[in-house]
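Residues per chain, in single letters:
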Amino acid sequence: MADDDLQLTLPDLQGIKDWASSTAGKATITTILILIPLILGLFLRLQPLTYNNLDRAATQSADQQLIQQFATQIQLNDSGIQPTNVQQQAQIQLQRYKQTRPDAYQEQRQQAKQRLTDHFQKPDGEPYLIAIDPYYYWRQTQNVLDHGYGADETRNGTMWNTHQLAPLGQSQQITELHPLLAAGLGQGLSNVFDTTPYMVFFTLPAVIASLAVIPAFFLGRRYGGSLGGFISAAIVATHQVFVSRSVAGFSDTDAYNITLPLFIFWFTVEAFTATTRKRRWTYGALTTVFIGILAKTWLAWWLTYIFVITTALAVFGQDVLRQAWQAWDSSNLSWQTIRDDTSWSYSLLALGLIIGGVITAGVARGFNAVTGLIGNILGNLQLNEAVGGNLWPNVFTTVAELGNTNFSGIISTLGSPVLFYLSMLGVLLLFLPSKIETTMQRKVYYGWFGASAAVFAMPFLFETAVFTSVFFFALPVIAGYTITIFEDKEHINVAFPIFLTVWILSMLMAGVRGTRFVMILMPAYAIALGTLLGWAFNRTARYAWNADSRDTTYATSILAGIILIISLLIPLVTATQGAVAGQRLPQMNDAWYNSLETIQNESTDDAIITSWWDFGHWFKQVADRPVTFDGATQNTPNAHWVGRALQTNDPDEAKSTLRMLHCGNRKGFNELRSYKHGANTPEANLDTKQTLDEALTRNSQTQAVSYYENQGLTADEAQDVANLTHCN
C-alpha cells in the first residue's frame, strides 16, 4: 500500500472558521449555545412532575412487601426455623424473584411508586405545590380568574383580603404580575391545550427561570466570547440555589427576581455601549420598561434600580472627569471645553434611566411605593434586630431563608472559594483596555492587576467579616475606575464592570442579613466567572493559532485545551448539583390536605384558624378560612399574642388571648393605646401591653369595661375597647 494512501485528510479549518464568522454561522452557534443551557435548566426544573426521587423509596417498599410475603411462606413451611435464617432465605428468594420474574417485579415496584405518588397529589391527580408560599399566589391567581384582581373583594374602591388578619382583613395595594400572568396564561392555554390553569401556574416558574439564560449568555459573551457566554448561561440555568427555588411547583417570585434583573443588566450595558443614538435609546427604553415590570413583581425592585442609577452616574462621571483631565493636560481646561467634548448622550441617558425608572415603577406599583423608597431600604436594614424600636418581636429573625451567615458561608453556598476568587478577577478584566502597548500602560495596568489580585486574596486567606471583605473587593475596583479616567489611548466603558461590582458587593452585604440573597448574588458571580474563563481560553487559543513556532503552538494549544476542559467541567458539576436540588417533593401531602378539607367542610364560614404563621397560606387556600396571621403578615404584633397563647401553661390565659384575637385581632390594642396615649411610641406600647395583659385576666366584658374605666378611659371608650377584646 502506498504511503499516500495512509495520509489522513484534515478538515478545512479555515472553511469552518469562515463559516463561524459569517452571519448565519454566528446566529446558528448563538442559538445552539443558548438552547443547550435553556433546555437543561428547564429539564432540571420539571423534575417534580416525574417524582423520580421516590424511586428508591418505591424499590424499598416493594422489596419489603415481597420479603414479608416470602418470610411468611417460609415460616409456614418450617415452623421451627430461626428468625435470622428466615430473613436470609427471604432475601435469597427476593433476588431470585427479581431475576426470574423481572416484569412482575417492575409492576409491583411501579404500584409502590404510584401509592407514594398519590400521597403527594390532589384528589384530581394534580400535584401539590412544592412549598407553602406558592399557595399565597395560587389563591390570588384564582381570584384574578374569578373576578379580575388578586384580593378577595373590594371595599369602598379598595382591594381587600378578608382571609388575612382575621376578622379585620387587610387592604391590598396592587395585584402583582405573577398571579396576573399565571391567570392570563392559564386561561389562554387551557382553552387551546389539554391543561388547566393550575398546571400552568405549577410549571410557570420553571419557564420564567429558564429564560434567564438569554441575558446571562449575552453578558458573558461580551468579554468572554461564546465560551464565556455559555458558561455564564449554564451556571445560571443549573445552579442549585436557583434551581431549588424555581422548580415547577415552587410558584413564588424567585424566578422573576433573577430573570428580570439580568435583562435589566443586559439592556443597561447595551444602552451605554451602543454606537448609535437609536440603539442607545431603544435599550434605555427597554431598561426602564423592565424596571417597571420588576416593580410589578417584587417589593425589593429598588435593589436593581439602584444598580442602574449607580452605573449611570459612574459612566457619566467617568466621562466628565476623563474629558476634564484631557483638557487640563492640554492646558485647555474650561467649562466650555468639557461641555463641548463630553458626550451629552451619557448625561441624557442617565437622566432618562433615573426618571424613566421612577415613572415605570410608579405606574406599576404605585407612586407611594416610590416615594417610600428610603423607608423601604431602612426597613430592610433591620431584618436581624430581634426586637424593633416599636417593642414588638421581629419575626424575620426566625425565617430560615433570612438567617445570618458569614463570608465563608456565602462563598460555600455559591461554590468554592477558588471559583469565587476567579470570578472577582473576571471583574478586574473588564477595566483593562483592549490593547496594552506602551511601557507606561504595562506598568500601570499589570501593576494594578497584580496588586488587586493580592488584595482580593485577603478575605480568603484570613477570616474576615463580610463588610471587611467587601472593602477589600471594592478598593481595587475604585482604583481601576480611577485609572480609566486617565487612560488617553482608549475610552474604557465602565458600565459593565460597575453594574457587576455593585451587584456582587451589595449582595455580599445583604447575604449577611439573609441567606436568600445569596441566590440573587449567583448570576453576577456566574457572569464574572464566565467572563474570566472565556477570556483566558480565547487569549490562549488565539496565541496558539498565530504562534510562529510549532513548539509554541503545541504548548499553548494544550493550555487552551486544559482551560476549555476546566471551563466545561464547572457547569457540569453545577448541573449535577442542580439535578439533586431539583428533585423536590411537595411539603403538602394527603394528611394535611384531607385535614384542611375537613375543616372547610365541618366549620362555619366565619371560623378563624389561629396557629403560628408558617402554614397560614395553606389554611387560607385549602381550608378556605381566614387566619390570624400568615407568611405575608407575620411581622406584626400578632406574633407576640399568638406566641403567648401557644406557650402559656395557663389555659384561661390562652383562651382569653385567642378571644381577643378573634374579636378584633390587634385593633383592640391599637384602640387602647390611642385612648391612653394617642401616640405610637415604645413607651406607649409597653404601657398599653401591660394594661391589656391585666385586662385579659377578666373573664367577662363587664369586668373588662370596669377595668378600662379604672385605667382612665371614658365609659364609651372602655366599651369600645372591650368590644374588641372581650366580645360575646
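In case you missed it, the structure is sitting above this.
Residues numbered from 1 in each chain as written. Predicted model: local features only at pLDDT ≥ 70, side-chain atom pairs only at ≥ 80, totals over all residues. Heavy atoms only, no water.

1. Remarks on the overall build of the chain
Okay, step 1: Each helix and strand in the chain was counted, giving 33 helices and three strands.
Okay, step 2: Here the chain holds 728 residues, and 49% of them are scored as buried.
Okay, step 3: Restricting the contact set of the chain to residue pairs at least 6 apart, pairs at least 24 apart contribute 70%.
Okay, step 4: A total accessible area of about 34000 Å² is found for the chain, and carbon and sulfur atoms account for 58% of it. (Helix = DSSP H or I, 4+ residues; strand = E, 2+ residues; numbered from the N terminus. Buried < 20%, exposed > 50% of the residue type's maximum accessible area, 1.4 Å probe, protein only. Contact = heavy atoms within 4.5 Å. Areas by Shrake-Rupley, 256 points an atom, 1.4 Å probe, with all protein chains shown as cover.)

2. Side note on the side chain of Q172
Okay, step 1: Within the fold, Q172 resides in strand β3 (residues 170-172).
Okay, step 2: At a separation of 2.9 Å, a polar atom in the side chain of Q172 contacts the main-chain carbonyl oxygen of I174.
Okay, step 3: Setting aside its immediate chain neighbours within four residues, Q172 contacts Q140, G150, A151, M159 and N161. (Polar contact = N/O pair within 3.5 Å; in protein donor to acceptor, adjacent residues only side chain to side chain.)

3. Remarks on unusual backbone geometry
Okay, step 1: Here the bond from A166 into P167 is cis, since omega is 5°, no more than 30 degrees from zero.
Okay, step 2: As for its position among the elements, P167 is in the loop between β2 (158-161) and β3.
Okay, step 3: With a phi close to 50°, L165 is a non-glycine residue in the positive phi region.
Okay, step 4: Inspection of the secondary structure assignment puts L165 in the loop between β2 and β3.
Okay, step 5: For L165, a relative accessible area of 4% translates into the label buried.
Okay, step 6: Backbone geometry places D624, a non-glycine residue, at a positive phi of 55°.
Okay, step 7: As for its placement among the helices and strands, D624 is situated in the loop between α27 (616-623) and α28 (638-647).
Okay, step 8: The exposure class of D624 is partly exposed, given its relative accessible area of 30%.

4. Comments concerning the pattern of salt bridges
Pairing is possible between side chains of opposite charge, provided their charged atoms come close.
Okay, step 1: One pass over the full model with this rule turns up 19 salt bridges.
Okay, step 2: R279 is the partner of E270 in a salt bridge, and the nearest nitrogen-oxygen pair spans 3.7 Å.
Okay, step 3: Linked through salt bridges whose partners overlap, the residues forming this network are R644, E653, K689 and D693. (Salt bridge = Lys/Arg side-chain N within 4 Å of Asp/Glu carboxyl O.)

5. Some thoughts on the packing of helix α12 (residues 254-273) against helix α13 (residues 277-297)
Okay, step 1: Where α12 contacts α13, the two axes come as close as 8 Å, and the packing angle between them is 160°. Regarding the angle of α12 to α13, the classification is roughly antiparallel. Judged by the twist between their axes, the crossing of α12 over α13 is left-handed. Along the contact surface, α12 presents Y256, L260, P261, F263, I264, F267, T268, E270 and A271, while α13 presents R279, R280, Y283, G284, L286, T287, F290, I291, I293, L294 and T297. (Axes fitted to C-alpha atoms, helices over the stretch in contact; angles between N-to-C directions. Parallel < 35°, antiparallel > 145°, perpendicular 65-115°, else oblique. Left-handed = near helix turned anticlockwise from the far one by under 90°.)

6. A few points about the sheet that holds β3
Okay, step 1: In space, the three strands of this open sheet follow the order β1-β2-β3, with antiparallel pairing throughout. A single partner strand is all that each edge strand has here, and the edge strands are β1 (153-155) and β3. Strand-to-strand twist in this sheet, taken as the mean axis angle between neighbours without regard to direction, amounts to 55°.
Okay, step 2: Across three bridges, the pairing between β1 and β2 is antiparallel. Counterpart to R155 in the pairing with β2 is T158. (Pairing = 2+ DSSP bridges.)

7. Focus on the nonpolar core
Okay, step 1: Counting residues in hydrophobic clusters, the biggest one holds 130 residues, and the most contacted among them are L500, I504 and L508.
Okay, step 2: Take this core: its biggest share by element is 14 residues, from helix α24 (residues 516-546).
Okay, step 3: Look past the residues within four positions of L500 in its chain and what remains in contact with it is F265, V427, L430, A524, I527 and A528.
Okay, step 4: By size, the runner-up hydrophobic cluster in this structure holds 21 residues, among which are W641, A695, L696 and L713. (Core = buried A, V, L, I, M, F, W, Y, C linked by side-chain atoms within 4.5 Å.)

8. Quick word on helix α31 (residues 682-695)
Okay, step 1: With 14 residues, α31 extends 20 Å from end C-alpha to end C-alpha; this agrees with the ideal 20 Å at 1.5 Å per step.
Okay, step 2: Buried residues of α31: A684, N685, T688, K689, T691, L692, D693 and A695, and no others. (Expected span 1.5 Å × (residues − 1).)

9. A look at the packing of helix α5 (residues 83-100) against helix α6 (residues 102-118)
Okay, step 1: The interhelical angle for the contact between α5 and α6, taken along N-to-C directions, is 105°, at an axis separation of 5 Å. Relative to α6, α5 is oriented roughly perpendicular. On α6, the residues touching Y97, K98, Q99 and T100 of α5 are P102, A104, Y105 and Q108.
Okay, step 2: Residue composition of the contact of α5 with α6, by class: four nonpolar, three polar and one charged. (Nonpolar A, V, L, I, M, F, W, Y, C, P; charged D, E, K, R; others polar.)

10. Looking at the packing of aromatic side chains
Okay, step 1: Enumeration over the complete set of coordinates arrives at 42 aromatic pairs.
Okay, step 2: Where F263 meets F267, the ring centres are 5.9 Å apart and the plane angle is 40°; that geometry is what we call tilted. Placement of the pair is F263 and F267 together in helix α12, with a separation of four residues, close to one helical turn. The same class applies to F263 as to F267, namely buried.
Okay, step 3: Where F272 meets Y346, the ring centres are 6.1 Å apart and the plane angle is 50°; that geometry is what we call tilted. You can see F272 sitting in helix α12 and its partner Y346 sitting in helix α16 (residues 344-365), a full 74 residues away along the chain. Neither F272 nor Y346 differs from the other in exposure class; each is buried.
Okay, step 4: An aromatic cluster is present here, built from F217, F218, F263, W266, F267, Y283 and F290 joined pairwise through their rings.
Okay, step 5: Sitting over the face of the ring of F242, R45 holds its NZ or CZ atom 4.7 Å from the ring centroid. (Phe/Tyr/Trp six-rings, centres within 6.5 Å; stacked < 30°, edge-to-face > 60°. Lys NZ or Arg CZ within 6 Å of the ring centre and 35° of its normal.)

11. So, the side chain of S452
Okay, step 1: Mapped onto the elements of the fold, S452 is located in helix α21 (residues 439-461).
Okay, step 2: A polar atom in the side chain of S452 sits 2.7 Å from the backbone oxygen of W448.
Okay, step 3: Leaving out residues up to four positions away in the same chain, S452 has contacts with L428 and P476.

12. A few points about the environment of R542
Okay, step 1: Within the secondary structure, R542 is located in helix α24.
Okay, step 2: Residue classification places R542 among the partly exposed positions, given a relative accessible area of 47%.
Okay, step 3: For the pair R542 and S557, spaced 15 residues apart in the sequence, the C-alpha separation amounts to 9.3 Å.

13. What about a nonpolar patch on the surface?
Okay, step 1: Residues L351, I355, I359, V363 and F367 make up a contiguous nonpolar surface patch of roughly 490 Å² in combined accessible area.
Okay, step 2: Element by element, the count of residues in the nonpolar patch is highest for α16, at four residues.
Okay, step 3: Relative to the helices and strands, F367 resides in helix α17 (residues 367-371).
Okay, step 4: What makes F367 partly exposed here is its relative accessible area of 45%. (Patch = residues over 30% accessible without salt bridge, like charges linked within 9 Å, V, L, I, M, F, W, Y side chains within 5 Å.)

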